[in-house]
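Residue-level structure breakdown
Spelled out from the first residue to the last, the chains are:
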Amino acid sequence: MVALCGTNCAGCFALSWLSLLAFFLTEAWINLRRHGVATFATVFTVALVVGLWGAFALLVKGAQRWLLWEGAKLERLCVFLKPQADEQVAHRLQERLRRLPQVIAVRFVHREEGLRRIQQLFGDTVPLKDLIGHNPLPHALEITCRSPQAVARCAAILKKMPEVDEVAYPAAAVKRFVQLLGQVRRGANVFSLLLAIVAFALIHNAIRLSLYGRRNEIRIMQLVGATVWTVRGPFIAEGFLYGVFGGLVALAILGGLRWLGLQTLEAGYLRGALEAMVMDADFVQRALALAVALGTVSATVAALQLVKPQ
Amino acid sequence: MVVLRDVTVDYGNGAPALQRVNLTVEKGEFVFLVGPTGAGKSTLLKLLTREIVPTEGQVWVAGQEVTRLKVSQVPQLRRLIGAVFQDLLLLPDRTVWENVAFTLQVTGASSATVRREVPKALEMVGMLPKAKAFPRELSGGEKQKVALARALVIRPLLLLADEPTGNLDPASSQEIVELLLRINRQGTTVIMATHDWTLVNAYRQRVVELRDGRIVRDELRGVFRLELA
C-alpha cells in the first residue's frame with residue numbers, strides 16, 4: 001500500500017481529499033470534451049431553465065424598482081367631478097377633502113387645464129378642441145395622500161360622494177400589473193419546472209453515456225480499490241460542470257439581451273424598467289446556485305442509480 | 001496469503017465453475033494456475049478480488065475472510081491486490097504515465113505520491129523511457145508491461161495475472177514472466193493463470209491444475225502436461 005507520509009495525519013487526509021477532488025474535475029472535463037454534442041445539448045437545456053427563471057426574476061425586480069422610482073406618483077389620485085359640477089362645487093369639495101386625515105394636499109385642475117395637458121400629449125399638430133368642437137372634460141382634483149396604502153381608502157371615500165364621477169389612481173393599475181406579472185411568473189415557474197425535468201433526463205442520459213464510454217476506467221477503478229463514491233465522483237463532478245457552464249451561458253445570454261435592449265431602446269418607461277433589471281451579485285449567485293444544484297442533483301441521482309458497489 | 005476452503009461457485013448455468021476447491025498459497029509464493037478453457041481459473045482469481053462471492057465455502061486473502069467482508073470494506077481489500085487481466089486494457093486516450101498514475105489517483109494519492117511512485121513502477125518494468133507514449137504506440141509486450149506497472153504501483157501484497165502472456169510472442173512472454181518472478185523475489189505473492197506450457201515448464205514453479213472446476217493437481221516445481229496445451 002502507498003502511504004502518503006507513513007502516518008494517517010490530518011494533513012494527509014485533507015491532501016488526499018483535495019487530490020480526489022482535482023481528479024474528479026479532471027475526469028469530468030475529459031468526459032465533457034469527449035461527448036461534445038451531448039454536452040452542448042445538456043448545457044443548453046440547463047441554460048434555458050436558468051435563463052427562463054432569471055428572466056422573470058429580473059422582470060419582477062425591474063417592475064418593483066420602477067414602482068419604487070415612481071413611488072411619489074403612487075401616492076396621488078385624480079378625482080373627476082360630474083359634468084354639471086361647477087368651480088364652486090369643486091372648491092367646496094377641495095376644502096372638505098383637505099380635512100381628510102389621509103390627505104396631504106388637494107389641487108384643483110380646471111377643465112381647460114385638463115384639456116391643455118392632453119393637448120400637450122398629442123402635440124400641436126392635432127387641435128383637439130377644434131376637432132371635437134367643445135371641451136368634454138369635467139373639472140378635476142389632484143389629491144396627494146400620505147402613503148400609497150392610504151390611496152385605496154381615500155378612493156373608497158371619494159367614490160361615495162355625489163359630486164364625484166370617477167376616481168383614477170395609478171396604484172390600482174400598478175396593482176393589476178403586479179398581479180398579472182405574478183401570474184405570468186407562476187406560469188414561467190411551471191414551465192421552468194417542466195424544462196428542469198427535461199434537463200434532469202438529459203443529464204441522466206449524458207451520465208449513462210459517460211458510464212458506457214468509461215466502462216474500462218470504472219472496472220480498473222473498482223479493481224484497484226476505489227470506493228463506490230470515488231467511482232461516482234467524476235460523474236457527479238460532470239453534473240456540477242453542466243450546472244456551472246449552463247448557469248454561465250444563461251447569465252451571458254441575459255446580460256447580452258439586456259445590453260442589446262439598452263443599446264436600442266430610447267429613454268422611456270421600457271428603458272427605465274430595463275435599467276432597473278440589474279444583474280447584481282445576489283442575482284448572479286442565485287442563478288449559479290440554481291444551475292449547479294440542478295446539474296449536481298441530477299448527476300448524483302443518475303450516479304446512485306447506475307453505479308452500484310461491486 | 002490465500003486460503004480457499006471447500007469453495008464452490010455455481011453461476012446457475014450448468015455445472016458449477018468451481019467445486020469444493022481447497023487451496024493454500026503462502027506469502028511470497030509463485031503459483032502457475034493452469035487448466036483448459038472453462039476450467040475455473042478466472043473464476044478463482046475473481047474470488048480473490050471479490051468480484052464474485054462463492055456459493056459455498058470460505059476465502060481468505062491476507063488474513064481477511066473475503067466472503068464476510070462488507071461491501072464498504074471491499075475497496076480496502078483490493079488495495080492489497082494488483083491485477084493484470086487480459087481484458088483489463090490500458091486506457092487508449094492516456095499516456096503510459098497517466099495509465100499508471102490513474103490507479104493511484106483513484107485511491108486519493110497526492111500528486112507528490114504520484115510523482116514519486118509512478119516512475120518507480122515504470123522503472124521496474126523497464127517502461128520509463130516510454131512514459132509519454134500512448135498505448136497505440138506500444139507493442140503487445142510493452143502494453144502488458146505497462147499493465148504490470150499499473151498493478152505494481154500500489155505496492156500490492158498479492159499480484160494476480162490472468163493470461164498476461166496470452167497474445168504475446170515467446171520472447172515478450174518470457175520477459176513478462178521474468179518480471180513477475182523478479183517482483184515475486186521482492187516478496188509479492190504471485191498467482192498467474194496461463195495456457196502457455198513452454199513458460200510453465202521453463203520456470204518450474206508451483207503448478208496448480210484445474211479441470212472442470214476442481215483442483216486435479218498441485219505440484220511444487222511442476223510442469224504443464226502437454227494434453228492441456
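The structure this text deals with has already been given above.
The following refers to the structure shown. (Residues numbered from 1 in each chain as written. Chains lettered and ligands numbered in written order. Predicted model: local features only at pLDDT ≥ 70, side-chain atom pairs only at ≥ 80, totals over all residues.)

Per the secondary structure count, chain B includes seven helices and ten strands. The buried share among the 229 residues of chain B stands at 46%. At a minimum sequence separation of 6, the contacts of chain B that also span at least 24 residues come to 66%. (Helix = DSSP H or I, 4+ residues; strand = E, 2+ residues; numbered from the N terminus. Buried ≥ 20, exposed ≤ 12 C-beta atoms within 10 Å, placed from the backbone. Contact = placed C-beta atoms within 7 Å.)

Each partner contributes to the interface: chain B provides 25 residues, whereas chain A provides 21 residues. Where the side of chain B that touches chain A is concerned, the elements lending two or more residues are α2 (74–78), α3 (96–105) and α4 (111–124) of chain B. Per-element accounting of the side of chain B that touches chain A gives the leading share, four residues, to α3 of chain B. Class assignment of the residues belonging to the side of chain B that touches chain A gives a composition of twelve nonpolar, nine polar and four charged. (Nonpolar A, V, L, I, M, F, W, Y, C, P; charged D, E, K, R; others polar.)

Here we come to helix α7 (residues 148–159) of chain A. Residue and element names in this part refer to chain A. Taking 1.5 Å per residue, twelve residues should reach 16 Å; α7 reaches 17 Å between its end C-alpha atoms and fits that length. For α7, the full list of buried residues reads Val151, Cys154, Ala155 and Leu158. Angular distribution of buried residues about the axis of α7 spans 105°; they occupy a single face of the element. Projecting away from the buried face of α7 at angles above 90 degrees are the exposed residues Gln149 and Ala156. (Expected span 1.5 Å × (residues − 1). Arc of directions from axis to C-beta.)

So, on to the sheet that holds strand β2 (residues 18–25) of chain B. Residue and element names in this part refer to chain B. On the basis of which strands lie adjacent, the open sheet formed by four strands has the order β2-β1-β4-β5 and antiparallel pairing. Looking at which strands have only one partner, the edges of the open sheet turn out to be β2 and β5 (64–65). Contacts from helix α1 (residues 41–48) reach β1 (2–9), β2 and β4 (56–61) within the one sheet, and its direction differs from that of β1 by about 120°. (Pairing = 2+ DSSP bridges. Axes fitted to C-alpha atoms, helices over the stretch in contact; angles between N-to-C directions.)

This brings us to unusual backbone geometry. Residues and elements named next belong to chain B. Phi at arginine 50 takes a positive value of approximately 55°, unusual for a residue other than glycine. Position of arginine 50 among the secondary structure elements: in the loop between α1 and β4. In the Ramachandran plot, aspartate 212 falls in the positive-phi region, its phi being about 50° despite a non-glycine side chain. Tracing the backbone shows aspartate 212 in the loop between β9 (206–211) and β10 (214–219). A count of 15 C-beta atoms within 10 Å places aspartate 212 in the partly exposed class.

Below, the discussion takes up the sheet that holds strand β7 (residues 158–162) of chain B. All names here are of chain B. Within the open sheet, the six strands sit side by side as β6-β7-β8-β3-β9-β10. Their pairing is mixed. The sheet terminates laterally at β6 (81–85) and β10, the two strands that pair on one side only. Adjacent strand axes in the sheet meet at a mean angle of 15° when their direction is disregarded.

Membership of the largest hydrophobic core comes to 116 residues, with the highest contact counts inside it found for Val46, Val49 and Val50 of chain A together with Leu33, Val100, Ala149 and Leu160 of chain B. Of the residues forming this core, the biggest block, eleven residues, is contributed by helix α10 (residues 228–264) of chain A. Valine 50 of chain A has contacts with Gly246, Gly247, Ala250, Ala287, Leu290 and Ala291 of chain A, leaving out every residue within four places of it along the chain. Among the nonpolar cores identified, the runner-up in size contains 15 residues, and Leu77, Ala140, Leu141 and Ile143 of chain A belong to it. (Core = buried A, V, L, I, M, F, W, Y, C linked by C-beta atoms within 7 Å.)

This part takes up the environment of methionine 279 of chain A. Relative to the assigned elements, methionine 279 of chain A resides in the loop between α11 (269–276) and α12 (281–306). Sequence-distant contacts of methionine 279 of chain A, that is, excluding residues within four places in its chain, are made with Leu251, Leu254, Gly255 and Val284 of chain A.

The buried fraction of α1 of chain B is high, at seven of eight residues. Among the residues trailing α1 of chain B, arginine 50 of chain B stands out with phi positive, at a value near 55°.

Residues and elements named next belong to chain A. Running from N to C, helix α1 (residues 10–34) and α10 cross one another at 60°; their axes reach a closest spacing of 8 Å. Viewed along their axes, α1 and α10 adopt a mutual orientation that is oblique. α10 is crossed by α1, and the crossing has right-handed handedness. In this structure, α1 contributes Leu20, Phe24, Leu25, Glu27, Ala28, Trp29, Asn31 and Leu32 to the contact, and α10 contributes Thr230, Gly233, Pro234, Ala237, Glu238 and Leu241. (Parallel < 35°, antiparallel > 145°, perpendicular 65-115°, else oblique. Left-handed = near helix turned anticlockwise from the far one by under 90°.)

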